[in-house]
Amino acid sequence: MGKKAKIDRYLDSDGLDSKREQEIGQHIGYRYDVNLVPDHSHLTPYLKKYINLMGWQDLNWLEDVHLGYEEGKAAVFDRNINGWVSVPDDVKLPDNQQERDMIARELLLKFQMSKRHPLVQLKAAYKKF
Amino acid sequence: MAEMTSKHKSYDMGMHTELLRGRSQQILFSAEESENFVYPGSFDVDFDKRSEIDAGEMTATAITVKIRELMGQGFGHIVVKNPLAKHSLGVGILNRLKLDFEGSLGYFGCGLIDGPNVRIHGRVGWSCAENMLAGTVVIDKNAGSCFGAAIRGGDLVCKGDVGARTGINMKGGTILVGGRTGAFSAFMMQRGRMVILGDAGMNLGDSMYDGTIFVGGKIQSLGVDAIPGEMTDVEIKWLGRKLAMYGLKAPKGVAKMQKIVAGKQLWNYDNLEPAEKKIIL
């Protein structure tokens, strides 16, 4: 499998390899390498600003954010809503996972800090103090 | 009871009428819509604005409330003097903040934090930074058991030794230990990274599902389904940078550290035949 085909296998196919996966029609395990540590040479300007504002020296919690694939679409998992956030169709995906992960981190950050994030409503409804 | 719950303001907000379906939420948004860097509603604090709390005569709750009040006034650097090893200090802070404790903490210190940079000039008891989400916690001396239990993200650093079950059930983040760890470290680890510069106790990484452990010293024994892995160039670079951030050094250099990963034989354990289960265990 070529490099490009390999990275897009969950976008171009159902990615169900094993007999068990085909039986249940569902992928088992993560659809990305959760152990891939970030390469800081791919940091985006937005992420650099965020790191600086938080007083950190690296990506901190964003090291565990990767670009994944959900129902045939590129998506990033938001732990705060326990769901996938689809990457907009007009975002062109690079052909390597390190750069894809940086895009995922930036998108997730923008989504979590947005006033439209579902937690804003939940907080207004249920906050204790 | 039903009448009581239906009067809750969440009903007025329409939060119980939205149709939810499927196993995940597909949310689309414009990447250009936001240039915020902090959670909506969080306190706007300045790291150069400093305040001190003398916690000697205060309860843990009063200290927590005081920290919150100070953040509300824009203080971005708070120093807590005389923490006297009280329990549950520095918990639930969901804000950017520099927080220094001039002394030791008891159990469950700095739990559930999301963002702050905490420095503890002393020791910590059990379950420090339990369920931590983001930020940094640096402990100058030793830590008790269950250090970083169920941590989700951020950097948790102990410059000394830590007890047993370090990073039990960790689901992300990085735990750095300058000294030794006790038995069953990384027990049921699901993801994230654990770096131990000294020796690791028995059953390291027992029943781990995923994640990576790096060890600079000796490993007494590996747990079920924990196996040696091969270090990559990007990991060597990452380790060197991460250790330098906290003034730590691998005793024989990062390239000579041992890497431990999950054998993944326990995945789909229920589907295995009894004989296969015996082979794994």
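Just so we're clear, the structure is a prediction, and the values are computed from it rather than from any experiment.

Participant: Can you break down the overall build of chain A residue by residue, with the values?
Facilitator: If you tally the helices and strands in chain A, you get six helices and three strands. Reading the helices (α) and strands (β) of chain A from amino to carboxyl end gives α-α-α-α-β-β-β-α-α. When the backbone C-alpha atoms are referred to their principal axes, chain A occupies close to 50 × 40 × 30 Å. Intrachain contacts of chain A at a sequence separation of at least 6 include 57% that bridge at least 24 residues. Within the structure as shown, chain A displays about 6500 Å² of accessible surface, and the carbon and sulfur contribution to it stands at 51%.

Participant: Mind laying out the sheet that holds strand S2 (residues 73–78) of chain A, listing which residues take part and the relevant values?
Facilitator: Hydrogen bonds between backbone atoms are what pair the strands of a sheet, whose relative direction is either parallel or antiparallel. Residue and element names in this part refer to chain A. Read from one edge to the other, the open sheet built from three strands follows the order S1-S2-S3, with strand pairing classed as antiparallel. What marks the edges here is a single partner per strand, and that holds for strand S1 (68–70) and strand S3 (83–86). Direction aside, the axes of adjacent strands within the sheet are offset by 60° on average. Looking at chain direction, S1 and S2 are connected through three bridges and run antiparallel.

Participant: An account of the domain arrangement of chain A is needed here, citing residue identities and associated values.
Facilitator: Residue and element names in this part refer to chain A. Its domain assignment divides chain A into domain 1 (1–32) and domain 2 (38–126). Computed over C-alpha atoms, the centres of domain 1 and domain 2 are 23 Å apart. Counting residues at the interface gives eight residues for domain 1 and 15 residues for domain 2. When domain 1 packs against domain 2, close to 950 Å² is buried across both sides, 59% of that on carbon and sulfur atoms. For domain 1, the biggest contributors to the area lost against domain 2 are Ile7, Leu11 and Tyr32; these three give 60% of the whole. One can count two salt bridges joining domain 1 with domain 2.

Participant: Please provide a residue-by-residue account of the pattern of salt bridges, values included.
Facilitator: Tallied over the full model, the rule gives 18 salt bridges over all chains. Here Arg31 of chain A and Glu70 of chain A are joined by a salt bridge, their closest N and O atoms 3.0 Å apart. Of this pair, Arg31 of chain A sits in the loop between helix H3 (19–24) and helix H4 (45–54) while Glu70 of chain A sits in strand S1, and the two are 39 residues apart along the sequence. For Glu70 of chain A, a relative accessible area of 1% gives the class buried. Counted as one network, the salt bridges with shared partners bring together Asp58, Glu63 and Asp64 of chain A together with Asp155, Arg193, Arg241 and Lys242 of chain B.

Participant: How would you summarise H4 of chain A if you had to cite specific residues and measurements?
Facilitator: Inspection of H4 of chain A places Tyr46, Leu47, Tyr50, Ile51 and Met54 of chain A among the buried residues, and these make up the whole buried set. On an axial view of H4 of chain A, the arc spanned by its buried residues comes to 135°, and they lie on one face. Facing away from the buried surface of H4 of chain A by more than 90 degrees, the exposed residues are Pro45 and Asn52 of chain A. Among the structural elements, helix H5 (97–112) of chain A together with strand S1 (46–54) and strand S4 (114–120) of chain B are those in contact with the buried residues of H4 of chain A. At the exit of H4 of chain A stands Gly55 of chain A, carrying a positive phi of roughly 80°.

Participant: Can you lay out the interface of chain B and chain A for me, pointing to particular residues and giving the numbers?
Facilitator: Contacts between chain B and chain A engage 57 residues on the former and 56 residues on the latter. Across the chain B/chain A interface, buried area totals approximately 5200 Å², and carbon plus sulfur atoms make up 51% of it. Joining chain B to chain A, the criterion identifies six salt bridges. Put simply, chain B and chain A have 22 residue pairs in polar contact (both at pLDDT 80 or more) between them. The biggest single contributor to the side of chain B that touches chain A is helix H4 (residues 233–245) of chain B, with seven residues.

Participant: Kindly report on empty space enclosed by the protein, identifying the contributing residues and their values.
Facilitator: Counting across every chain of the model gives one cavity of 30 Å³ or more. Roughly 110 Å³ of volume is contained in the largest cavity. Lining the largest cavity are 15 residues, with Met54 and Met113 of chain A together with Val38, Tyr39 and Asp114 of chain B sitting closest to its centre. Counting only elements with at least two residues in the lining of the largest cavity, the list comes to H4 of chain A together with S4 of chain B. Within the lining of the largest cavity, the residues separate by chemical class into 10 nonpolar, three polar and two charged.

Participant: Could you give me a rundown of the confidence of the model for chain A, with the residues and numbers involved?
Facilitator: A residue-level look at chain A finds 95% of positions with pLDDT of 70 or above and a mean pLDDT of 88. Averaged pLDDT values over the elements of chain A bottom out at 69 in helix H1 (residues 3–7) of chain A and peak at 95 in H4 of chain A.

Participant: Account for helix H3 (residues 60–72) of chain B, with residues named and values stated.
Facilitator: All names here are of chain B. Along its 13 residues, H3 runs 19 Å from first to last C-alpha, staying within 8% of the 18 Å computed at 1.5 Å per residue. Those residues of H3 that sit buried are Ile63, Ile67, Leu70 and Met71. Take H3 and look down its axis: the buried residues cluster within an arc of 100°, on one side only. Here the buried face of H3 lies against S1, strand S2 (75–81) and strand S3 (98–102). Of the residues flanking the end of H3, it is Gly74, one or two places downstream, whose phi is positive at about 90°.

The rules behind the values
- Residues numbered from 1 in each chain as written.
- Chains lettered and ligands numbered in written order.
- Predicted model: local features only at pLDDT ≥ 70, side-chain atom pairs only at ≥ 80, totals over all residues.
- Heavy atoms only, no water.
- Helix = DSSP H or I, 4+ residues; strand = E, 2+ residues; numbered from the N terminus.
- Contact = heavy atoms within 4.5 Å.
- Areas by Shrake-Rupley, 256 points an atom, 1.4 Å probe, with all protein chains shown as cover.
- Pairing = 2+ DSSP bridges.
- Axes fitted to C-alpha atoms, helices over the stretch in contact; angles between N-to-C directions.
- Domains from an automatic or database assignment.
- Buried area = accessible area lost by both parts, 1.4 Å probe.
- Salt bridge = Lys/Arg side-chain N within 4 Å of Asp/Glu carboxyl O.
- Buried < 20%, exposed > 50% of the residue type's maximum accessible area, 1.4 Å probe, protein only.
- Arc of directions from axis to C-beta.
- Polar contact = N/O pair within 3.5 Å; in protein donor to acceptor, adjacent residues only side chain to side chain.
- 1 Å grid on protein atoms, 1.4 Å probe; cavity = no way out; pocket = protein on both sides within 12 Å on 5 of 7 lines; lining within 4 Å.
- Points joined across faces, edges and corners; volume = space filled by probe spheres on them.
- Nonpolar A, V, L, I, M, F, W, Y, C, P; charged D, E, K, R; others polar.
- pLDDT = per-residue confidence, 0-100.
- Expected span 1.5 Å × (residues − 1).

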